[in-house]
Amino acid sequence: MRFAAINTRVQGQRPAAATASGWIAFQIGVFLLPSSLLLAVPPLFWALLQGSRCKRRPWWNDRLNRVFLLIAVLMLLGASRAFSGWLAWFGLMNWLPFFWGFWGFQPYVATAEGRRRIALLFVSGTLPVIFTGLGQLWLGWSGPWQALGGLLIWHLAPGGMPPERLSGLFDYANIAAAWLAFSWPLLLAATFECFARFQAGKARWQLPLLLIFLIAQLAALYLTDSRNGWGAAVLALPLVLGPARWLLLLPLILLLLLPVGFAVLPVIPDFIQQPARALVPEAIWGRLSDLAFSDRPLASTRLGQWTVAAGLVAEQPWLGWGAAAFSLIYPSRTGVWHGHPHNLPLDLAISHGWPVALLLVGVVAWLLLRSARLGMATGPLFERAWWAAVLILVLLHASDLPLYDGRINVAGWLLLAGLRLNPVNITAAKGCNAIN
């Protein structure tokens with residue numbers, strides 16, 4: 001009886017097109033993803049196989065799949081003549097498998113109920129990131145931590161990476177901030193939903209726990225010292241609450257941000273700026289005004305990287321230089337090493353040419369706009385949160401490239417699959433609902 005109850009609970013909210021075993025594997029993979037890509041990949045791969053075999057309309061009939069096929073062909077052509085040699089072929093692994101993943105994961109995120117379940121798993125799976133990150137900075141925890149006889153190793157950097165910036169289970173603070181930022185609107189949705197249940201006389205013990213979780217994640221995001229992460233935390237609130245509350249919420253947010261603007265902007269008179277800086281923590285206004293890095297050479301700044309990147313695109317516009325070419329060329333031209341240009345469209349154009357960049361950016365923009373037009377951005381609470389999570393992750397790639405962490409990349413494509421919103425493409429089929 002207990003097994004039957006557990007199985008019923010696990011199978012709850014399963015979309016009609018998802019197989020039973022695929023749905024279980026997908027949930028396990030999502031939950032484990034922030035802790036370990038190695039642990040998450042096997043169940044997610046099984047889920048991908050199951051999702052791909054369901055009888056839907058033919059793969060070729062989905063126009064997005066044709067676009068991804070064209071992109072793949074252009075990438076392969078570019079890799080065959082790439083400046084970066086074998087690195088170009090290795091770099092294709094950041095893209096080509098995920099074109100398949102976008103298709104194969106859609107059955108699991110085809111319904112609002114399924115997306116809500118997966119959103120909650122993202123939220124609960126983020127707890128180890130917060131726990132280890134706060135322990136890293138406040139309790140002096142450091143790795144490496146090992147499990148399964150050394151098969152799993154977590155390199156928890158002492159004092160953070162870079163120092164004094166929370167990185168937790170990730171290799172760098174900005175990557176941890178990206179995970180915390182896109183999962184933040186999902187946590188907000190869970191908290192608001194729980195608060196509504198609390199008002200109805202339910203969830204009396206869940207709400208205090210969620211509020212502690214909420215404060216802890218906000219603290220962890222703050223401690224990453226990521227300006228992108230801070231901006232995402234602010235942006236998520238109106239997106240999750242929805243347009244109906246903007247009339248009161250947006251003026252309040254602007255009022256709260258006004259002292260920050262006064263403390264940061266160089267054009268503000270000193271008699272206004274000094275009181276504002278006394279009110280706003282120095283860790284915030286100093287970071288936002290880039291005070292700690294004001295003497296950096298141009299080659300070390302985003303502006304310097306983007307300038308050189310634009311020149312590289314102009315030199316090889318059609319098929320690009322190959323993946324990872326920027327890390328080889330930039331040091332030879334500037335004397336400063338950077339692994340990427342900190343902007344996804346530019347990185348795509350350098351590596352694979354501007355046609356690939358335009359096509360991929362266009363697909364993501366189309367998915368966001370179409371899903372918003374179909375009501376996702378203004379729909380039920382978790383639908384708004386899902387859409388906000390995708391938008392935040394997209395915006396983060398305007399000035400950084402967290403997708404080069406495999407966990408962020410997998411999560412991003414999974415979230416994008418949830419924007420497809422095509423009931424004709426995802427249909428229940430005979431043989432897809434059996435326990436496999």
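Residues numbered from 1 in each chain as written. Predicted model: local features only at pLDDT ≥ 70, side-chain atom pairs only at ≥ 80, totals over all residues. Heavy atoms only, no water.

Enquirer: Mind showing me how you'd approach the nonpolar core here?
Expert: Phe 26, Ile 118, Phe 122, Leu 360 and Trp 386 are the most contacted members of the largest nonpolar core, which has 115 residues in total. One finds Val 260, Ala 263, Val 264 and Ala 276 within the second-largest nonpolar core, a separate group that totals 6 residues. (Core = buried A, V, L, I, M, F, W, Y, C linked by side-chain atoms within 4.5 Å. Buried < 20%, exposed > 50% of the residue type's maximum accessible area, 1.4 Å probe, protein only.)

Enquirer: What is the right way to read helix H4 (residues 63–79) from this model?
Expert: Owing to its 3.6 residues per turn, the α-helix brings residues three or four apart onto one side. Spanning 17 residues, H4 covers 25 Å between terminal C-alpha atoms, matching the ideal 24 Å at 1.5 Å per step. For H4, every residue scored as buried is listed here: Leu 64, Asn 65, Phe 68, Ile 71, Ala 72, Leu 74, Met 75, Gly 78 and Ala 79. Against helix H5 (86–91), helix H6 (96–104), helix H17 (344–352), helix H18 (354–373) and helix H20 (406–417) lie the buried residues of H4. Among the residues of H4, the N-terminal cap falls to Asp 62, whose side-chain oxygen and the backbone nitrogen of Leu 64 are separated by 3.0 Å. (Helix = DSSP H or I, 4+ residues; strand = E, 2+ residues; numbered from the N terminus. Expected span 1.5 Å × (residues − 1). Contact = heavy atoms within 4.5 Å. Polar contact = N/O pair within 3.5 Å; in protein donor to acceptor, adjacent residues only side chain to side chain.)

Enquirer: Where do I start with the packing of helix H10 (residues 206–223) against helix H11 (residues 227–241) in this structure?
Expert: The relative placement of two packed helices is expressed as an angle between their axes plus a distance between the axes. Between H10 and H11, the shortest axis-to-axis distance is 8 Å and the interhelical angle comes to 145°. Along the contact surface, H10 presents Leu 218, Leu 221 and Tyr 222, while H11 presents Gly 229, Trp 230 and Ala 233. Looking at the contact of H10 with H11, its residues break down into 5 nonpolar, 1 polar and no charged. (Axes fitted to C-alpha atoms, helices over the stretch in contact; angles between N-to-C directions. Nonpolar A, V, L, I, M, F, W, Y, C, P; charged D, E, K, R; others polar.)

Enquirer: For this particular structure, what's the right way to read the pattern of salt bridges?
Expert: Scanning all chains against the criterion turns up 6 salt bridges. In this structure, Glu 383 and Arg 115 form a salt bridge, with 2.7 Å as the shortest nitrogen-oxygen distance. Remark: Arg 115 occurs in helix H7 (residues 112–125) and Glu 383 occurs in helix H19 (residues 381–396); sequence separation between them is 268 residues. A salt bridge links Glu 315 to Arg 333; the nearest nitrogen and oxygen atoms lie 2.8 Å apart. Placement of the pair is Glu 315 in helix H15 (residues 302–315) and Arg 333 in helix H16 (residues 325–334), with a sequence separation of 18 residues. For Arg 333, a relative accessible area of 44% gives the class partly exposed. (Salt bridge = Lys/Arg side-chain N within 4 Å of Asp/Glu carboxyl O.)

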